[in-house]
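As a plain string of letters, each chain reads:
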Amino acid sequence: MAGGSLLWTASCSTLDGSAAARRQAEAWRAEHRLIDLHQHVNCTTQHLTRAVKIMDAVGLGVAVNLGIGTVTPAQNGGLSQFERNKHLTDTLFPGRFLHYMELDYRNWDQPDFAVQAAQQIEKGRRLGAAGFKQSKALGLYVRDGQGKLVKVDDPKLDLMWAKCGELNLPVSIHVADPKAFWQPFDANNERWKELKDHKNWWFGDTNKFTPWKEMLEALNRVIVRHPKTTFVCVHFANNAEELEWVDASLSRYPNMMADLAARIPEIGRHDPEAVRRLFLKHQDRIFFGTDFMVYGRLILGSSGNEPPPTDADAETFFAKEYRWLETLDKNWEHMTPIQGDWTISSIGLPASVLRKIYFDNARKLLAHSLPPPVARAARVEADFTPDGKLSEPAWQRAPVARLEYRGRDGAAMPELSTAVRALWSDEFLYLAYECPFTRLTVFDPPLVGQKRYDMQKRGVSLWDRDVVEAFINSDPQKPGRYVEVQVAPTNERLDLMVDLPGRDFAWNSGLESAVKIDSTARVWTCEMRIPLKSISAAKPQAGARWRANFFRCDAAHQAGLAWSPPLVGNFHTPEKFGVLEFVK
């Protein structure tokens, strides 16, 4: 972070006890692991490019672009707004954004609108929507043909909410706004800076708008009616001013979540110890989100008629978001001054909670929609024989891919975080694994000169104990045909050619490997090299992209970790493979 790092150095307390958590968070940002669950980026080349430039600078890997359009076809019968925007974004910046759809309310008065709404959700899922965004329009703007406001909990929407749950489509829902937007419209209003520049944000006329608390209660009724649907209530559960209400609601409704978007200035004015306790209690239900917007101007949480922010201002904005979560600094100017003339105090969360809020919770929520991960194999000019020590200098410049998530459900297991690196030469693909362990589970003695497998019996094959694995496919025309290699802590090996549903165990790749076990540090490392000619008849060139997945089985924790979780009980799911890219 350019501007952000300067702010960080100048402001962070050196005595606060959260230094280790901050260092860990900086490492995550260096690897671009953070997920922003709440952004709004206009889908043009210029705006997307600017957004990604800032994301790169502040350590964001993936952003959820909330509400890029409906799935209703264009008037000329062409692609819907959602399709057009998704296609452009995925073409320009594959893997950097996930896309939420919106609902077209224009046919509200038609008797079958409930069915139409559910069909829109089904279509959105088919088109690749990762979620559904409902704006604050319900209860405030959307009206029926008689001019009456459509309520948040209108039964006509129940079929649509249920369909979201059925299709694993999380709902990010905005209901109501800050309390001040219902209070007198004058200079005594504490949010006057915003309201005077946004007169349509004032809802104090109850003859026109639904009362503030009434909308929150209506949302809770929807959440109760649809327990199988996940509702991410944006802007800190839509009620950052009442922490007790947020705590009670999260405790009462297991399918209710909250993001932080544009509400740290409000949350941060509460007692930091009370906020910290709330975050620790609900650490599995809170998501990092910013409400960062890129349109004709940047919007950093909120804006008015002030001069447009610069890219450096955006980096400072994100740095302040991180500062509030990671330090124990007191009484400092928050990141969106237009939202209030007060200071905030940080909450200094431990690293284990930070990683949940920064990315683990989002990965679990979005597991069915996350883009394929990319691992990059670095080029080496001189071949070397694996010794298990990972001492070759080339390993230090090979980017790290991490095995931290269970294959069957995507649940995080950071205590087993396994680093995987890849190298390539003219002749070989090299892989290295660093595996922390508590107890090794292996076959003793190892089987030498034979392959340990039996597809008909449980518990007797190499993969039934501790192993690392790689599945590698070089031919996109044959996704079900790929090389599988396994190595155990004893250096017992297994290789085979898979051509689903078949498996050729007699096949020999020429795999070589070496293993080292550090019993003191409780880490075992594995180096392997595979002749490229055994994987592909044509040698890869720089820029080649093969499909691959990496795995680790750890019997002591009953864990099958996957780089790209298949989300089923079987690793052999080619459609969930990631990308192995060969770079210079």
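If you're wondering where the values come from, they're calculated on a predicted model, not measured in any experiment.

Novice: Explain the sheet that holds strand β1 (residues 34-41) residue by residue, including any values.
Specialist: In spatial order, the strands read β8-β7-β6-β5-β4-β3-β2-β1-β9-β10; together these 10 strands make up an open sheet with mixed pairing. A single partner strand is all that each edge strand has here, and the edge strands are β8 (286-287) and β10 (298-300). Of the strand pairs in this sheet, strand β6 (residues 231-233) and strand β7 (residues 256-259) are connected by 3 bridges, and their pairing is parallel. Bridge pairing in β7 places V232 opposite M257.

Novice: So what about unusual backbone geometry? Which residues, and what values?
Specialist: Across the junction of D444 and P445, the peptide omega takes the value 5 degrees, indicating a cis bond. Looking at the secondary structure, you find P445 in the loop between β17 (428-436) and β18 (467-473). L500 connects to P501 through a cis peptide bond whose omega is 5 degrees. Its identity is not glycine, yet N168 carries a phi of approximately 55 degrees, on the positive side. Exposure remark for N168: the relative accessible area of 43% places this residue in the partly exposed category. Here A262, not a glycine, exhibits a phi torsion of approximately 60 degrees, which is positive.

Novice: Just give me the short version of the side chain of T573, but keep the residues and values in it.
Specialist: The residue T573 is located in the loop between β25 (559-562) and β26 (578-582) in this model. Engagement of the side chain of T573 in a polar contact is seen with the backbone oxygen of N570, the distance being 3.0 Å. Not counting residues within four places of it along the chain, the set of residues in contact with T573 comprises P566 and V568.

Novice: So, helix α12 (residues 272-281): which residues are in play, and what are the values?
Specialist: Inspection of α12 places P272, V275, L278 and F279 among the buried residues, and these make up the whole buried set. Projected down its long axis, α12 shows its buried positions confined to an angular sector of 120 degrees, all on one face. In α12, the exposed residues that point more than 90 degrees away from the buried face are R277 and K281. On its buried face, α12 is in contact with α9 (234-237), α10 (243-252), α11 (264-267), β8, α13 (311-326) and α14 (351-365).

Novice: An account of the environment of M455 is requested, with residue identities and associated values reported.
Specialist: Secondary-structure assignment places M455 in the loop between β17 and β18. Expressed as a C-alpha distance, the spacing of M455 and E427, which sit 28 residues apart in the sequence, is 32 Å. Residues contacting M455, with those up to four places away along its chain left out, are W463, R503 and F505.

Novice: Talk me through helix α2 (residues 19-30); I want residue IDs and the actual numbers.
Specialist: Between the first and last C-alpha of α2 there are 16 Å, a value that for 12 residues agrees with the 16 Å anticipated at 1.5 Å per step. Looking only at α2, the buried set comprises A21, R22, A25, W28 and R29. Looking down the long axis of α2, one finds its buried residues gathered within 115 degrees of arc, a one-sided arrangement. In α2, those exposed residues whose orientation departs by more than 90 degrees from the buried face are R23 and A30. Count one or two residues on from α2 and you reach H32, which has phi positive near 55 degrees.

Novice: Quick rundown of the packing of aromatic side chains? Include the residues and the values.
Specialist: For the structure on display, the rule yields 33 aromatic pairs. Plain terms: the ring middles of F185 and W192 are 4.9 Å apart, the flat faces sit at 70 degrees to each other, and that makes the pair edge-to-face. Judged by relative accessible area, which is 23%, W192 ranks as partly exposed. Here the aromatic rings of F471 and Y482 are separated by 5.4 Å at their centres, their planes lie at 20 degrees, and the arrangement is stacked. Of the two residues, F471 is situated in strand β18 and Y482 in strand β19 (residues 481-487); the sequence distance between them amounts to 11 residues. For F471, a relative accessible area of 1% translates into the label buried. Look at Y482 and you get buried, because its relative accessible area is 1%.

Novice: Give a description of the nonpolar core that names residues and reports values.
Specialist: Counting residues in hydrophobic clusters, the biggest one holds 113 residues, and the most contacted among them are F132, W161, F236, F279, W324, L325 and Y358. For L325, the contacting residues outside a window of four places in its chain are L260, F279, F288, I347, G348, L349, L354 and Y358. Among the nonpolar cores identified, the runner-up in size contains 39 residues, and A375, A470, I535 and W563 belong to it.

Novice: Just give me the short version of the side chain of S345, but keep the residues and values in it.
Specialist: Position of S345 among the secondary structure elements: in the loop between β12 (343-344) and α14. With a relative accessible area of 9%, S345 lands in the buried category. Those residues in contact with S345 that sit more than four places away from it in its chain are G268, P272, W324, D329, K330, N331 and W332.

Novice: For the environment of Q75, give the residues involved together with the corresponding values.
Specialist: Examined against the element boundaries, Q75 turns out to sit in the loop between β2 (60-65) and α4 (81-92). On the accessibility criterion, Q75 (83% relative accessible area) is exposed.

Novice: Now, about the pattern of salt bridges: what can you tell me, with residues and values included?
Specialist: It is possible for side chains bearing opposite charge to pair when their charged atoms get close. Evaluation of the coordinates by the stated rule reveals 42 salt bridges. In this structure, the salt-bridge partner of E190 is R269, at a minimum N-O distance of 3.2 Å. A residue pair is termed long-range when its members are at least 10 positions apart, and E190 in the loop between β5 (171-173) and α7 (192-197) and R269 in the loop between α11 and α12 qualify at 79 residues. The exposure class of E190 is partly exposed, given its relative accessible area of 38%.

Thresholds applied
Residues numbered from 1 in each chain as written. Predicted model: local features only at pLDDT ≥ 70, side-chain atom pairs only at ≥ 80, totals over all residues. Heavy atoms only, no water. Pairing = 2+ DSSP bridges. Helix = DSSP H or I, 4+ residues; strand = E, 2+ residues; numbered from the N terminus. Buried < 20%, exposed > 50% of the residue type's maximum accessible area, 1.4 Å probe, protein only. Polar contact = N/O pair within 3.5 Å; in protein donor to acceptor, adjacent residues only side chain to side chain. Contact = heavy atoms within 4.5 Å. Arc of directions from axis to C-beta. Expected span 1.5 Å × (residues − 1). Phe/Tyr/Trp six-rings, centres within 6.5 Å; stacked < 30°, edge-to-face > 60°. Core = buried A, V, L, I, M, F, W, Y, C linked by side-chain atoms within 4.5 Å. Salt bridge = Lys/Arg side-chain N within 4 Å of Asp/Glu carboxyl O.

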